[in-house]
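Here are the chains, one letter per residue:
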Amino acid sequence: MAQASAGSAALPGGTTPELVLVLGAGGARGLSHIPVLEALDEMGVRPAFIAGCSMGAIIGAAYAAGLSGRDLHEHTIGLFRDRARAIARLLDARIGKLADLVRGLGNPVLIDGERLLDLFWPEAVPDRFEELAIPFTAIATDYHLHAEVTLGRGPLTPAVAASLAIPGLVRPVMVEGRVLIDGAALDPLPYERLMRPGRIVMAVDTSAPAAGDETRIPGALEAIVGVSHIRSRSIVQRMIERRPPDILIRAGMDGVGLLDFFKAKAILAAAAPVKDEVKRKLAQALERQG
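No experiment lies behind these values; they were computed from the predicted model shown.

Each value, and the rule that gives it
Residues numbered from 1 in each chain as written. Predicted model: local features only at pLDDT ≥ 70, side-chain atom pairs only at ≥ 80, totals over all residues. Heavy atoms only, no water. Helix = DSSP H or I, 4+ residues; strand = E, 2+ residues; numbered from the N terminus. Buried < 20%, exposed > 50% of the residue type's maximum accessible area, 1.4 Å probe, protein only. Contact = heavy atoms within 4.5 Å. Areas by Shrake-Rupley, 256 points an atom, 1.4 Å probe, with all protein chains shown as cover. Patch = residues over 30% accessible without salt bridge, like charges linked within 9 Å, V, L, I, M, F, W, Y side chains within 5 Å. Salt bridge = Lys/Arg side-chain N within 4 Å of Asp/Glu carboxyl O. Lys, Arg positive; Asp, Glu negative; His and termini not counted. Charge placed at Lys NZ, Arg CZ, Asp CG, Glu CD. Polar contact = N/O pair within 3.5 Å; in protein donor to acceptor, adjacent residues only side chain to side chain. Axes fitted to C-alpha atoms, helices over the stretch in contact; angles between N-to-C directions. Parallel < 35°, antiparallel > 145°, perpendicular 65-115°, else oblique. Left-handed = near helix turned anticlockwise from the far one by under 90°.

**Q** Quick one: what's the story with the overall build of the chain, residue by residue and with numbers?
**A** Looking only at helices and strands, one finds ten helices and eight strands in the chain. Across the 290 residues of the chain, 53% fall into the buried class. Put simply, of all contacts in the chain between residues at least 6 apart along the chain, 75% involve residues at least 24 apart. Here the chain displays about 13600 Å² of accessible surface, and carbon together with sulfur accounts for 55% of that area.

Next up, the structure:
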């Protein structure tokens, strides 16, 4: 395909529908978003707008900052190649200490999401939404109002930290006087409100399917995170049955838990074939609108 102009996908006859990219929640499986971005880069197609939830917000914000899919691929492999260094960064992002558990003072593994992003994001990611190369929104949930919140202006790091604030794992974030938690609590694949004529909405679902006949009993932390997995998958299924996006891409390595980030290399390799699916489905969508 010929190089498309920024924010559009080229159509015959000169019309240029907007490509809106939606990256869903999924924990470590969400690293599978990266090959999707690589496919768009190879096609020369740049989204007009990006929305992300949880892990999709982390990757979506970095891509919106101007990093390429290849940049993010290499950055991710580099991050998790050195296991000891990655663990040290995670420990540095913790709020509590193990002694706190004994004293009844709190959760010793609770993470400060803003600190986590500072430690793991590429340096090229800016401080504010307004500095991004592509318009972007992060989806979070208002804990007290039980309402979806769309964040698209002001400081970027607190907004994305709120989007990934899985209860029991990442501390809630206060943004503009609202206590915010994981966007996946209500909308793990936030595409429905973005669909309209003149757009092609590509939604990338990395939520995990059921594990089949698995009989292993999960540990406490794994069970907390697993509930998020189950809820997200159920919500996404109902959304797609009600109104599917223009393009649905399902990606993610089977058997990968929400926190299996040290499998990054294998996750990215397993997701590589999705690039052909992205190119094929986008070409078909363009033909339908041509």
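There's plenty left to go through after this.
**Q** Outline a negative patch on the surface, supporting the account with residue identities and numerical values.
**A** Together, Glu114, Asp118, Asp127 and Glu131 make up a negatively charged patch on the protein surface. Locating Asp127 in the fold gives a position in the loop between helix H6 (113-120) and strand E3 (136-142).

**Q** Please provide a residue-by-residue account of the side chain of Asp205, values included.
**A** Here Asp205 lies in strand E7 (residues 199-205). Judged by relative accessible area, Asp205 falls into the buried class, the value being 3%. A distance of 3.4 Å separates a polar atom in the side chain of Asp205 from a polar atom in the side chain of Arg233. Within polar-contact distance, the side chain of Asp205 engages the side chain of Arg250 at 2.9 Å. Those residues within four positions of Asp205 in sequence are excluded, and the remaining contacts are Leu189, Arg233, Val236, Leu248, Ile249, Arg250 and Ala251.

**Q** Can you lay out the packing of H6 against helix H7 (residues 156-163) for me, pointing to particular residues and giving the numbers?
**A** Where H6 contacts H7, the axes come no closer than 8 Å and their chain directions differ by 110 degrees. Taken as axis vectors, H6 and H7 run roughly perpendicular relative to one another. Helix-helix and strand crossings are classified by hand; for H6 and H7 the assignment is right-handed. In contact with Gly113, Glu114, Leu117 and Asp118 of H6, H7 contributes Thr157, Pro158, Val160 and Ala161.

**Q** Give me the side chain of Ser54: which residues, what numbers.
**A** For Ser54, the location among the structural elements is in the loop between strand E2 (49-53) and helix H2 (55-64). In terms of polar contacts, Ser54 uses its side chain to reach the side chain of Asp182, at 3.4 Å. Each residue touching Ser54, except ones within four places of it in the same chain, is listed here: Ala25, Ser163, Leu164 and Asp182.

**Q** Before we move on, could you go through the pattern of salt bridges and cite the residues and values that matter?
**A** Any two side chains of opposite charge can pair, on the condition that their charged atoms come close. Using the criterion set out here, one finds 14 salt bridges in the structure. The partner of Glu18 in a salt bridge is Arg199, with the nearest N and O atoms 2.9 Å apart. On the criterion of sequence distance, the pair formed by Glu18 in strand E1 (residues 18-23) and Arg199 in strand E7 is long-range, its members being 181 residues apart. Take Arg199: its relative accessible area is 13%, and that puts it in the buried class. The salt bridge partner of Glu42 is Lys275, with a shortest N-O separation of 2.8 Å. Placement of the pair is Glu42 in helix H1 (residues 33-43) and Lys275 in helix H10 (residues 274-289), with a sequence separation of 233 residues. For Lys275, a relative accessible area of 17% puts it in the buried group. Shared partners join several salt bridges into a network, and the residues in it are Glu42, Lys275 and Lys279.

**Q** Break down H2 for me, citing the residues and quoting the values.
**A** Of all ten residues making up H2, ten are buried, and the element is well covered by its neighbours. Inspection of H2 places Met55, Gly56, Ala57, Ile58, Ile59, Gly60, Ala61, Ala62, Tyr63 and Ala64 among the buried residues, and these make up the whole buried set. Remark: Gly66 follows H2 within two positions and exhibits a positive phi of approximately 115 degrees.

**Q** Hey, could you go over unusual backbone geometry for me, with residue numbers and the actual values?
**A** For Ser54, which is not glycine, the phi torsion reads 60 degrees and is therefore positive. Using a relative accessible area of 7% as the deciding quantity, one classes Ser54 as buried. In this structure, His146 takes a positive phi of about 55 degrees despite not being glycine. By secondary structure assignment, the location of His146 is in the loop between E3 and strand E4 (147-151). His146 gets classed as exposed once you look at its relative accessible area, which sits at 63%.

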